[in-house]
Amino acid sequence: MQGITKALRLHGRQLRHTVLQHMNKGIFSWATLISRIQSESPTVIIPHMGLENITVSQILKAKGEAEAGAVYWCDTSNLVHEAVKHMTAHNVGALVVLKSGDMKQLAGIVTERDFARKILLPGRPSEETRVEDIMTEEDKLITVSSSTNILRAMEVMTDKHIRHVPVFDEKVVGMISIGDVVRAIVDQQHQEVKQLKKYIRGDYY
């Protein structure tokens, strides 16, 4: 029961810094974060195991069978307008970009931030701009594996100032966001509180 408390004590400041840093920039806000956490609540709660024991794999599974292992993607030749419509249809903030003509090879990632900064702000036409012109390319891409610890994933996202990270196990198997990380931490905290309440009531002997 002390796992989550210890982890939050050690990493709580980092978590707060991460969320403030990412969600108060660009087109995101606290209202957006809260709305997403509420609307995208996982169908399967991660069992209480302490943050130090939770891996990216558990986060993917907690999204539900329909989401675990699902990879939303586009290719480099797609128009930005098409990619944004794809994000909207699936309620995601980023797409893995695969190389046109070789749909097994990772080319990069395109996010809502790319759209806001490279299309909306300069006034470029999304119907005439290709994804490859605004994406983060493979050589600059940050990934994690399914076995990466959630706290390590949060650290990577903080250090690299990114909100979305592809999960790569020899191939792309999913995507996690800062919202997924926060949601997992909140779930673990709620479960810890419930166990502490049971202990106080005398449910444990």
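The chain has the name CBS domain-containing protein in an unreviewed UniProt entry, where Urochloa decumbens is given as its organism.

Participant: Whenever I open this one, unusual backbone geometry confuses me. Can you help?
Facilitator: What is expected of a backbone is that most residues other than glycine have negative phi and most peptide bonds are trans. We note that Asn 91 has phi near 55°; this positive angle belongs to a residue other than glycine. Looking at the element boundaries, Asn 91 is found in the loop between helix H4 (80-90) and strand E2 (94-99). Although it is not a glycine, Glu 170 adopts a positive phi angle of roughly 70°. Assignment of secondary structure puts Glu 170 in the loop between strand E5 (164-168) and strand E6 (172-177). Judged by relative accessible area, Glu 170 falls into the exposed class, the value being 79%.

Participant: What am I meant to see in the pairing of E6 here?
Facilitator: On a regular strand, one side chain projects to one face of the sheet and the next to the other, so that they alternate. Of all the six residues making up E6, six are buried; the element is thus mostly covered by neighbouring parts of the structure. As paired elements, E5 and E6 share five bridges and run antiparallel to each other. When the bridges of E6 are listed, Pro 166 appears paired with Met 175. If you look at the hairpin formed by E5 and E6, you'll find three residues sitting between the two strands, and Glu 170 has a positive phi there, around 70°.

Participant: Mind showing me how you'd approach the pattern of salt bridges here?
Facilitator: In a structure, side chains of opposite charge can pair up when their charged atoms sit close to one another. Applying the stated rule across the entire model yields three salt bridges. As a salt-bridge pair, Glu 155 and Arg 152 come within 3.3 Å of each other at their nearest N and O atoms. A residue pair is termed a helical-turn pair when its members lie 3 or 4 positions apart in one helix, as Glu 155 and Arg 152 do in helix H6 (residues 150-160) at three residues. Overall, the relative accessible area of 31% leaves Glu 155 in the partly exposed class. For Arg 152, a relative accessible area of 43% gives the class partly exposed.

Participant: Before we go on, may I ask you to explain a negative patch on the surface in this structure?
Facilitator: Negative charge collects at one region of the surface, where Glu 132, Asp 133, Glu 137, Glu 138 and Asp 139 lie side by side. Tracing the sequence through the fold places Glu 138 in the loop between strand E4 (136-137) and H6.

About the cut-offs
- Residues numbered from 1 in each chain as written.
- Predicted model: local features only at pLDDT ≥ 70, side-chain atom pairs only at ≥ 80, totals over all residues.
- Heavy atoms only, no water.
- Helix = DSSP H or I, 4+ residues; strand = E, 2+ residues; numbered from the N terminus.
- Buried < 20%, exposed > 50% of the residue type's maximum accessible area, 1.4 Å probe, protein only.
- Pairing = 2+ DSSP bridges.
- Salt bridge = Lys/Arg side-chain N within 4 Å of Asp/Glu carboxyl O.
- Patch = residues over 30% accessible without salt bridge, like charges linked within 9 Å, V, L, I, M, F, W, Y side chains within 5 Å.
- Areas by Shrake-Rupley, 256 points an atom, 1.4 Å probe, with all protein chains shown as cover.
- Lys, Arg positive; Asp, Glu negative; His and termini not counted.
- Charge placed at Lys NZ, Arg CZ, Asp CG, Glu CD.

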